[in-house]
Amino acid sequence: MATMNMIQALNSAMDVMLGRDDDVVIFGEDVGYFGGVFRCTDGLQKKYGRQRVFDTPIAEGGIAGVAVGMGTYGLRPVMEIQFADYIYPAIDQLISEAARIRYRTGGEWWVPMTLRSPYGGGIYGGQTHSQSPEGIFTHVAGLKTVIPSNPYDAKGLLISAIEDDDPVVFFEPKRLYNGPFEGYHDKPVRPWSKDPSSDVPEGYYKVPLGKAAVVRQGEAVTVLAYGTMVHVALAAAADSGVDAEVIDLRTLLPLDIETVVQSVEKTGRCVIVHEATRTGGYGAELSALVQEHCFFHLEAPILRVTGWDTPYPHVFEWEYFPGPRRVAEALRHVMEA
């Protein structure tokens, strides 16, 4: 075991897979010589060479198109979009090509590609470096969408994604890259939650896609969260005094609906938390699923705590970001219903 932050865990996952499988290649904007803007690929080009780890132009559509071509011809490409905010030029390749090839060819062709991208807020990135576009990809049949919340899961999930024979969109919460802390460098900080998952095996292991984790047992209300919001939910549960059960979804698509239903049937209440804008966000899908599967067990309306329906702000980031205070208020409110 080694103590790793999420950056180191992701780097370790790619290192392991480059060493295990000659078909794995890593490429994207600044991922080679520079080691990535967040240093997730630091040292990999030096170790494996420029043919296995290489830089690309700032052309997201081209990066995704190259990955589709590589995947259909037998490689396992791992592409990086430097920020999720700039993923939109790649969407046509991801949706129209990568997600459709297995269906279009009757299973004769497939695309074992992984798209990595930092996403979400909490770093004063403003409207062009803080977006959470996961809802776009959970709407697309043929894509898998994964968001880890801790170093152990990040490594195991990324290895599973790289080995998966279908295209996987792998969003990395940049707020958690160096640990789940509230505040900034120029302000006092405290952990949102204790993160016991920084003990990470140095070798190969997998965390299965499509399986959620119950990270806090509780009897009063179920909280559904992923990424940074898992730590926010844990802090809110502690601050509110509500006996909340917190579920880390880990994989948004395919969703582990069995774990969700089992928890909500036990608690009778549900709060859903995500950073993305409220309208059309993934929380709306979760709310519909809980309503469909757990209607006769619900004792209160399902609540969502989300980002606002505005561009992500810079100066007023903490008014937008769903922090522990907002989530704690929702927990207390749902208990009063």
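So, a few notes on the structure that sits alongside this text. (Residues numbered from 1 in each chain as written. Predicted model: local features only at pLDDT ≥ 70, side-chain atom pairs only at ≥ 80, totals over all residues. Heavy atoms only, no water.)

Quick look at the pairing of strand E2 (residues 24–28)
Counting buried positions along E2 gives five out of five residues, so the element sits mostly inside the fold. Burial along E2 is two-sided: Val24, Ile26 and Gly28 facing one way and Val25 and Phe27 facing the other are all buried. (Buried < 20%, exposed > 50% of the residue type's maximum accessible area, 1.4 Å probe, protein only. Helix = DSSP H or I, 4+ residues; strand = E, 2+ residues; numbered from the N terminus.)

Quick look at the pairing of strand E5 (residues 114–119)
Of all six residues in E5, six are buried, a share of seventy percent or more. Along E5, one buried face is formed by Thr114, Arg116 and Pro118 and the opposite face, lined by Leu115, Ser117 and Tyr119, is buried too. Here E5 pairs with strand E7 (residues 168–173) via six bridges, running parallel. Across the sheet, Arg116 pairs through a bridge with Phe170, a residue of E7. (Pairing = 2+ DSSP bridges.)

Digging into the state of the cysteines
Inspection of the entire model under this criterion finds zero disulfides. Cys270 takes part in no disulfide bond, and the closest cysteine sulfur to it belongs to Cys294, at a distance of 7.9 Å. (Disulfide = S-S within 2.5 Å.)

Details of the sheet that holds strand E12 (residues 221–225)
Taken in spatial order, the five strands of this open sheet run E11-E13-E12-E15-E16, and their pairing is mixed. This sheet does not close on itself; its edge strands, each paired only once, are strand E11 (213–216) and strand E16 (303–307). Across the sheet, the axes of successive neighbouring strands diverge by a mean angle of 25°, strand direction being ignored. Note that strand E15 (residues 270–277) and E16 share four bridges and pair parallel. In the strand pairing of E16, Ile272 is matched with Arg304. (Axes fitted to C-alpha atoms, helices over the stretch in contact; angles between N-to-C directions.)

Digging into helix H1 (residues 6–20)
Helix length check: H1, at 15 residues, gives a terminal C-alpha distance of 21 Å against a target of 21 Å (1.5 Å per residue), a fit within 8%. Burial analysis of H1 places 11 of its 15 residues in the buried class, the great majority of the element. Turning to H1, its buried residues are Met6, Ile7, Ala9, Leu10, Asn11, Ser12, Ala13, Met14, Val16, Met17 and Leu18. Those residues of H1 that are buried are in contact with E2, helix H2 (44–48), strand E3 (53–55), E5, helix H7 (151–163) and E7. Residue Asn5 occupies the N-cap position of H1, its side-chain oxygen lying 3.2 Å from the main-chain nitrogen of Ile7. (Expected span 1.5 Å × (residues − 1). Contact = heavy atoms within 4.5 Å. Polar contact = N/O pair within 3.5 Å; in protein donor to acceptor, adjacent residues only side chain to side chain.)

So, the pattern of salt bridges
One pass over the structure, following the stated rule, counts 15 salt bridges. One salt bridge in this structure joins Arg250 and Asp153, with 3.2 Å as the shortest N-O distance. One end of the pair, Arg250, is in the loop between strand E13 (244–248) and strand E14 (251–253); the other, Asp153, is in helix H7, with 97 residues separating them in the sequence. No difference in accessibility class separates Arg250 from Asp153, as the two residues are buried. Linked through salt bridges whose partners overlap, the residues forming this network are Arg102, Lys144, Asp164 and Asp166. (Salt bridge = Lys/Arg side-chain N within 4 Å of Asp/Glu carboxyl O.)

Some points on the packing of aromatic side chains
What the rule picks out here adds up to 10 aromatic pairs. An angle of 70° between the planes, with centres 5.7 Å apart, marks the rings of Tyr73 and Trp109 as edge-to-face. Here Tyr73, found in the loop between helix H3 (60–72) and strand E4 (76–80), pairs with Trp109, found in the loop between helix H5 (101–104) and E5; they are 36 residues apart in sequence, far enough to count as distant. Judged by its relative accessible area of 37%, Trp109 falls in the partly exposed class. Seen from their ring centres, Tyr119 and Phe171 are 5.5 Å apart, and the 35° between their planes marks the pair as tilted. Of this pair, Tyr119 sits in strand E5 while Phe171 sits in strand E7, and the two are 52 residues apart along the sequence. Each member of the pair Tyr119 and Phe171 is classed as buried. Members of the aromatic cluster, connected to one another through ring pairs, are Phe38, Phe83 and Tyr177. Positioned above the aromatic ring of Tyr204, the side-chain terminus of Arg20 is 3.6 Å from the ring centre. If you follow Arg39 out to its NZ or CZ, it ends over the ring of Phe34, 3.9 Å from the centre. (Phe/Tyr/Trp six-rings, centres within 6.5 Å; stacked < 30°, edge-to-face > 60°. Lys NZ or Arg CZ within 6 Å of the ring centre and 35° of its normal.)

Concerning the nonpolar core
Across soluble globular proteins, nonpolar side chains show a tendency to be buried alongside one another. Counting 48 residues, the largest nonpolar core has Met79, Met113, Phe137, Phe171, Leu224, Leu249 and Val290 as the members making the most contacts within it. The set of elements that each furnish at least two residues to this core consists of E2, H3, helix H4 (91–98), E5, E7, helix H9 (257–267), E15 and helix H10 (282–294). Filtering out sequence-adjacent residues up to four positions away, Met79 remains in contact with Phe27, Ile63, Ala64, Ala67, Met113, Thr114, Leu115 and Arg116. With 34 residues, the next largest nonpolar core counts Val31, Cys40, Leu44 and Val53 among its residues. (Core = buried A, V, L, I, M, F, W, Y, C linked by side-chain atoms within 4.5 Å.)

With respect to the sheet that holds strand E6 (residues 144–146)
Strand order in the open sheet made by the seven strands is E3-E2-E4-E5-E7-E6-E14, with mixed pairing throughout. Strands at the two margins of the open sheet, each flanked by one partner only, are E3 and E14. Looking at each pair of strands side by side, their axes are set apart by 20° on average, direction ignored. Sheet strands in contact with H3 are E2, E3 and E4, and its direction is about 170° off that of E4.

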